[in-house]
Amino acid sequence: QVQLTESGGGSVQAGGSLRLSCAGSGGTFRSYAMGWFRQGPGKEREFVAGISWSGGGIDYADSVKGRFTISRDNAKNTVYLQMNTLKPEDTAVYLCAADRFLSRMRGGPGGVQSWGQGTQVTVSS
């Protein structure tokens, strides 16, 4: 089972950008679909973006389409989330996730096999 470590969170003003990274270790990274979830204060964990093992399949939550971009580099065992035009409602802990199937990940957090520890993103108005 792959272990995941996020980095790149922080504080930014509305309209700004951040790039999150998630490094995988201890498993066959390239065999997993990878994704990002987030959990805001008092809210349930929600799907943000996901990418298939090959990078050929990508999916986004409607709330981030056109602003966020997910990508992966299997040679570096790393998945990225480029976040542009950030809004205060994007404030949350962002968690990296790994699962065998992108479709299952898209359905919600319940079936995710591995989680990172999370990184805080705070967007001020």
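(A) Seen up close, the environment of Tyr60. Position of Tyr60 relative to the elements: it lies in strand β6 (residues 58-60). Take Tyr60: its relative accessible area is 15%, and that puts it in the buried class. With near-sequence residues (within four places) excluded, Tyr60 lies in contact with Phe47, Val48, Ala49, Lys65, Phe68, Thr69, Ile70 and Arg106.

(B) Expanded view of the packing of aromatic side chains. Inspection of every chain in the model, using the stated rule, returns two aromatic pairs. Ring plane angle 80° and centroid distance 5.7 Å describe the contact between Phe37 and Phe47, whose orientation is recorded as edge-to-face. Separated by 10 residues along the polypeptide, Phe37 in strand β4 (residues 33-39) and Phe47 in strand β5 (residues 46-51) bring together distant segments of the chain. Given the relative accessible area of 8%, Phe47 is considered buried. When the ring of Phe37 is compared with that of Trp115, the centres are 5.1 Å apart and the planes differ by 70°; the resulting orientation is edge-to-face. Of this pair, Phe37 sits in strand β4 while Trp115 sits in strand β10 (residues 114-115), placing them 78 residues apart in sequence. Trp115 gets classed as partly exposed once you look at its relative accessible area, which sits at 28%. An aromatic cluster is built from Phe37, Phe47 and Trp115, whose rings are joined through pairwise contacts. For Arg19, the ring lying beneath its charged end belongs to Tyr80, and the centroid distance is 4.1 Å.

(C) Quick look at the pattern of salt bridges. Under the counting rule described, the total for this entry stands at six salt bridges. Asp90 is the partner of Arg38 in a salt bridge, and the nearest nitrogen-oxygen pair spans 2.9 Å. Of the two residues, Arg38 sits in strand β4 while Asp90 sits in the loop between β8 (78-83) and β9 (92-99), which places them 52 residues apart along the sequence. Overlapping salt bridges, with partners in common, bring together Arg38, Glu46, Arg67 and Asp90 in one network.

Cut-offs applied
Residues numbered from 1 in each chain as written. Predicted model: local features only at pLDDT ≥ 70, side-chain atom pairs only at ≥ 80, totals over all residues. Heavy atoms only, no water. Helix = DSSP H or I, 4+ residues; strand = E, 2+ residues; numbered from the N terminus. Buried < 20%, exposed > 50% of the residue type's maximum accessible area, 1.4 Å probe, protein only. Contact = heavy atoms within 4.5 Å. Phe/Tyr/Trp six-rings, centres within 6.5 Å; stacked < 30°, edge-to-face > 60°. Lys NZ or Arg CZ within 6 Å of the ring centre and 35° of its normal. Salt bridge = Lys/Arg side-chain N within 4 Å of Asp/Glu carboxyl O.

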